Amino acid sequence: MIGPVIVRRRISLDKLRTNNEVAGFKFATVGVLYAVLLAFAVIVVWEKFSDADNDVAQEAGAATTIYRLADGIGGEPGQVLRDSVSGYLRAAIADDWPAMENGGASHNVTRALDRVYAAAMAYNPDDGRGRILLAETLHQLDLVTQARRARLVMATGIVPGVLWFVLFGGAVITIGFTFFFGTENLRAQALMTGALSVLIFSGLLIIIAIDHPFAGTVKVSPEALTMVLEDFAPEAQHK
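Reading the values: rules and limits
- Residues numbered from 1 in each chain as written.
- Predicted model: local features only at pLDDT ≥ 70, side-chain atom pairs only at ≥ 80, totals over all residues.
- Heavy atoms only, no water.
- Helix = DSSP H or I, 4+ residues; strand = E, 2+ residues; numbered from the N terminus.
- Buried < 20%, exposed > 50% of the residue type's maximum accessible area, 1.4 Å probe, protein only.
- Contact = heavy atoms within 4.5 Å.
- Areas by Shrake-Rupley, 256 points an atom, 1.4 Å probe, with all protein chains shown as cover.
- Lys, Arg positive; Asp, Glu negative; His and termini not counted.
- Charge placed at Lys NZ, Arg CZ, Asp CG, Glu CD.
- Salt bridge = Lys/Arg side-chain N within 4 Å of Asp/Glu carboxyl O.
- Core = buried A, V, L, I, M, F, W, Y, C linked by side-chain atoms within 4.5 Å.
- Phe/Tyr/Trp six-rings, centres within 6.5 Å; stacked < 30°, edge-to-face > 60°.
- Expected span 1.5 Å × (residues − 1).
- Axes fitted to C-alpha atoms, helices over the stretch in contact; angles between N-to-C directions.
- Parallel < 35°, antiparallel > 145°, perpendicular 65-115°, else oblique.
- Nonpolar A, V, L, I, M, F, W, Y, C, P; charged D, E, K, R; others polar.

Re the overall build of the protein
A tally of helices and strands in the protein yields nine helices and zero strands. Helices and strands in the protein line up, N terminus first, as α-α-α-α-α-α-α-α-α. Principal-axis analysis of the C-alpha atoms places the extent of the protein at approximately 90 × 35 × 25 Å. Going through the 239 residues of the protein one by one, you find that 40% of them count as buried. Look at the contacts in the protein between residues 6 or more apart in sequence, and 79% of them connect residues 24 or more apart. Here the protein displays about 13,100 Å² of accessible surface, and carbon together with sulfur accounts for 63% of that area. Here the protein holds 20 positive side-chain charges and 24 negative ones, and the gap between their average locations is 12 Å.

Here's what the structure looks like:
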């Protein structure tokens, strides 16, 4: 809002008025281009944020299915499988989420997932029912692995560096254009510039807030995994 005041002190109102027609045409073009770019960026990061939430839900759903399949396997193999899944979920909640806040991953969780695979592969069925249970267990484990890999990739950030440069550079150019219009009421021009700035940086704030889906004040929590532990391994909450 100070920008139009500074420009008005250096350039007279009459000179600024002579550029209103040309500047208005150019501002309309720049404004539309930047508005499209900003809206596209907001939509993309919002969709990716929603995908991250869905990935966690898919991971929780697959873990739930493995618990139920372990009940079907029964005996020691089934119990070992249940315990390994509980260990993986506890490790994901305790280690993966803090690591993802910094754009990384926890090796402890990777090893815990390896133990789940080892528990499943140790089961050696001798009938058709057992083989079907093993095949479905491995399929659900594959879904868990894919969901975890997807959230680890998204934890590093959605918006590339070059797009950040364009977004902030475009904001400066778009707002800077408003400094060079000549209006009789300088206070009204400053207010309009301020309103435009608020709208633009509100959009940028949304992108910044959800660019890293697992970090910041607006983030995807491990609540879905916690609920699975509470339902199928309540004793795990006290370990």
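Topic: the pattern of salt bridges
Following the criterion strictly, the structure yields five salt bridges and no others. Ionic pairing is found between Asp71 and Arg82, a salt bridge with its closest N-O pair at 2.9 Å. Of this pair, Asp71 sits in helix 3 (residues 20-73) while Arg82 sits in helix 4 (residues 75-101), and the two are 11 residues apart along the sequence. We note a salt bridge from Arg151 to Asp96, for which the minimum N-O separation is 3.0 Å. Placement of Arg151 in helix 6 (residues 128-155) and of Asp96 in helix 4 is noted, with a sequence separation of 55 residues between them. The pair formed by Arg151 and Asp96 is uniform in burial state, with each residue classed as buried. Through salt bridges with shared partners, a single ionic network connects Glu59, Asp96, Arg148 and Arg151.

Topic: the nonpolar core
Core analysis: the biggest nonpolar cluster contains 55 residues, and Tyr67, Leu81, Val85, Tyr88, Leu89, Ile207 and Phe214 have the highest contact counts within it. Per-element tally for this core: the top contributor is helix 3, with 15 residues. The residues contacting Phe214, other than those within four sequence positions of it, are Ala52, Val56, Trp97, Met100, Glu101, Arg151, Met154, Ala155, Lys219 and Val220.

Here's the deal with the environment of Tyr123
Inspection of the secondary structure puts Tyr123 in the loop between helix 5 (107-122) and helix 6. Taking the C-alpha atoms as reference points, Tyr123 and Gln146, separated by 23 residues in sequence, lie 22 Å from one another. Leaving out residues up to four positions away in the same chain, Tyr123 has contacts with Ile73, Pro77, Gly130 and Leu134.

Focus: the packing of aromatic side chains
Considering all chains together, one arrives at four aromatic pairs under this definition. Geometrically, the ring pair formed by Trp97 and Phe214 is edge-to-face, given 5.7 Å between the ring centres and 85° between the ring planes. On the criterion of sequence distance, the pair formed by Trp97 in helix 4 and Phe214 in the loop between helix 8 (186-210) and helix 9 (223-232) is long-range, its members being 117 residues apart. Like Trp97, the residue Phe214 is buried in the burial classification.

Some words on helix 6
Over its 28 residues, helix 6 extends 41 Å from the first C-alpha to the last, a length consistent with the 40 Å expected when each residue adds 1.5 Å. Gly157, located one to two residues past helix 6, shows a positive phi value of around 120°.

Details of the side chain of Arg148
Inspection of the secondary structure puts Arg148 in helix 6. Taking relative accessible area as the criterion, Arg148 reaches 4% and is therefore assigned buried. The residues contacting Arg148, other than those within four sequence positions of it, are Glu59, Tyr88, Asp96, Ala105, Ser106, Val109 and Thr110.

Things to note about the packing of helix 7 (residues 161-177) against helix 8
Where helix 7 meets helix 8, the closest approach of the two axes is 10 Å, and the angle between their N-to-C directions is 170°. As judged from the angle between their axes, helix 7 and helix 8 are roughly antiparallel. Contacts between helix 7 and helix 8 involve Trp164, Leu167, Phe168, Ala171, Thr174 and Ile175 from the former and Thr193, Leu196, Ser197, Ile200, Phe201, Leu204, Ile207 and Ile208 from the latter. When the residues that make up the contact of helix 7 with helix 8 are grouped by side-chain class, the tally is 11 nonpolar, three polar and no charged.

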